[in-house]
Amino acid sequence: MSNSSSTSCSPSSDFDQQGTQSWSPKRRDFMRVLGVGAGALATGGLFGCGGATAASAAENQRLALLADEAFWTQVQSRFLLDSSKLYMNIGTAGSMPRSVVESYNAENLDYARESRNGYGNFATQRTALAPGFGVDPDEIVISGNTSDGMSKAILGIPWQAGDVVITTNHEHPGGYVPLGIAVERYGVIVRRVTLPAGDGNVRLFDGSSAPHNAALYRTLFRNEVLAARAAGQRVRAIMWSSPTYLTGIMLPIREIMQVCKEFDLISICDGAHLPGMMAYNYADLGVDFMAGAGHKWQCGPGGTGILIVRNKARANAAATLPPYFPVITSSATQQAGTFGTRPSRIGGGGQVPWTQRGDYDIAAVLQSIGSMNTPAINAVTKAGADWDAIGRKKIETYVLGLSNYTKERIIEIWGSADALYSPRDPGLLSALTSFNPFHGIDGSKNLIARSTATNATISQSPSANLVSRANSERSIIVRNTSTPSITGAGTLQTIYPIRMSTHLWHDPADIDRALLAIRELAVEIATVAS
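Just so it is clear, the model here is predicted, and its values are computed rather than measured.

Moving on: the confidence of the model for the chain. It should be kept in mind that the predicted coordinates are not to be read in detail where pLDDT is low. Counting all residues, the mean pLDDT for the chain is 84, and 82% of those residues have values of 70 or more. A low-confidence stretch, residues 1–24 stays under pLDDT 50, and its non-local contacts, those more than four residues away or across chains, total 42 contacts. With pLDDT under 50 throughout, residues 334–351 is counted as low confidence; its partners more than four residues away or in other chains account for 25 contacts.

Shown next, in the form of structure tokens:
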């Protein structure tokens, strides 16, 4: 905080004695965390009057988040989460709202009693979900999960030997494993962009540095396309994650799509965390394939996902609608485009026009794969309706506000933005925050990159120890990741940052509780290590 040069002023009515008495417990708890009493508030002591300190970025962000506190408290009451624990790992799994759980359980009982099946293409559910994602019903599939959607997207493309797919070194196995199958099966060539991490200026793999913003990623991906073409290679697609699961950096979809459109490339986005977090209009973005989870931020049941498959020309998309063959389907389509014909009729003159994209309901074909878990599909549809009712943009604004608050508090508590691996730049912001809990702690000896087993095998890192202790000793659930980090020109080091997720059931007090506990544990671990 910086000292104010002002010597006198009148406190705002929001901070006078009467105002502070009317504050909610959450606002008062915030001031206790800061060590500020009601008397100081009543005289304007926190906000720059009479030589006192001005509000920090974190404080301003927190007050903005608390402005709609009553609404979000009501939203939080919809969930069944154990109140004795603090769940901040939504990036791994969310929690169904109470109403969704109740209808899901009741429908499962009904299906058991009546021995119901799950056949169909679920047009009603897809039609209900589609507006929330800005696409048409023939472009949205309720898939099994993100990995299921990525496998269907990648392995349904008719690759040719020598096709180049540009991706990154921060991809999840849900994407890079099916891409590896395409390498082995079709002779696809993979080129990887080495991603930076951090806030402000970041080090790049070539030894240079650059501002960490959305424009940087357009340059990185475009340069990789140009390098491949200069080497005589045929670039066919770009596959990336938004956000990356390792750091939470939101690789900017619009900027990457500019590259895809410029070079007429297939676009494949691992958007595991996007449904329920971001209020994106996927038709406007123009992505060919986006695979996301239904059970994470969207808070549907396990075994659900959202798969977007572009099925028509879009202004921001590549000019070519890529040919695509469904990997899994029990549906057939006649040449005329009628959905639902029996396979026996295909040999009678009709053909399945998989390469004639846009002439048939591709989502219905992908959705109809025999008897499916109808209660789960209905549950994720209901969760989507809840999000639509709350307002997807409202949710995005809130969870990103919490994320920004998390980052500002990390800077305050750890004393430097260098502790962050996730940037504050608005174009790269997601509701995931990764950081070094050992940054700047005396005796830490770079614990973020150390393992307890000499790095020879899969090892327990000090940050994994912190995650375990946060759970067992403080009832706080976070996770760590194993992330390749640029340490110099052409060199990488594996680090193990802590990753926190901020969702609609959190508030700033939750973030303070988690970060202060993590700091205390990090100091203890560093002290033992030294």
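So much for the structure itself; the text now carries on.
On the basis of which strands lie adjacent, the open sheet formed by three strands has the order β13-β18-β15 and antiparallel pairing. Every other strand in the sheet has two partners, leaving β13 (432–435) and β15 (479–480) as the edge strands with one partner each. Bridge analysis of β13 against strand β18 (residues 498–501) gives four bridges, and the strand direction is antiparallel. For L432, the partnering residue across the bridge sits in β18 and is S501. The strands touched by helix α16 (residues 392–414) within the sheet are β13 and β18, with β13 carrying the most contacts at an inclination of about 20°.

For the rest of this paragraph, the subject is helix α9 (residues 173–186). Here α9 is 14 residues long and its end C-alpha atoms lie 19 Å apart, about the 20 Å a rise of 1.5 Å per residue gives. Backbone geometry just after α9 places G187 at a positive phi near 85°.

Okay, a nonpolar patch on the surface next. On the surface, a nonpolar cluster with roughly 250 Å² of combined accessible area is contributed by Y176, V177 and I181. Within the fold, V177 resides in helix α9.

Turning to its location among the elements, I525 is positioned in helix α18 (residues 508–529). Residues I525 and P462, 63 residues apart in the sequence, show an inter-C-alpha distance of 7.4 Å. Beyond its immediate chain neighbours, meaning those up to four positions away, I525 contacts F438, L447, P462, N465, L466 and R469.

Cut-offs applied
Residues numbered from 1 in each chain as written. Predicted model: local features only at pLDDT ≥ 70, side-chain atom pairs only at ≥ 80, totals over all residues. Heavy atoms only, no water. pLDDT = per-residue confidence, 0-100. Contact = heavy atoms within 4.5 Å. Pairing = 2+ DSSP bridges. Helix = DSSP H or I, 4+ residues; strand = E, 2+ residues; numbered from the N terminus. Axes fitted to C-alpha atoms, helices over the stretch in contact; angles between N-to-C directions. Expected span 1.5 Å × (residues − 1). Patch = residues over 30% accessible without salt bridge, like charges linked within 9 Å, V, L, I, M, F, W, Y side chains within 5 Å. Areas by Shrake-Rupley, 256 points an atom, 1.4 Å probe, with all protein chains shown as cover. Salt bridge = Lys/Arg side-chain N within 4 Å of Asp/Glu carboxyl O.

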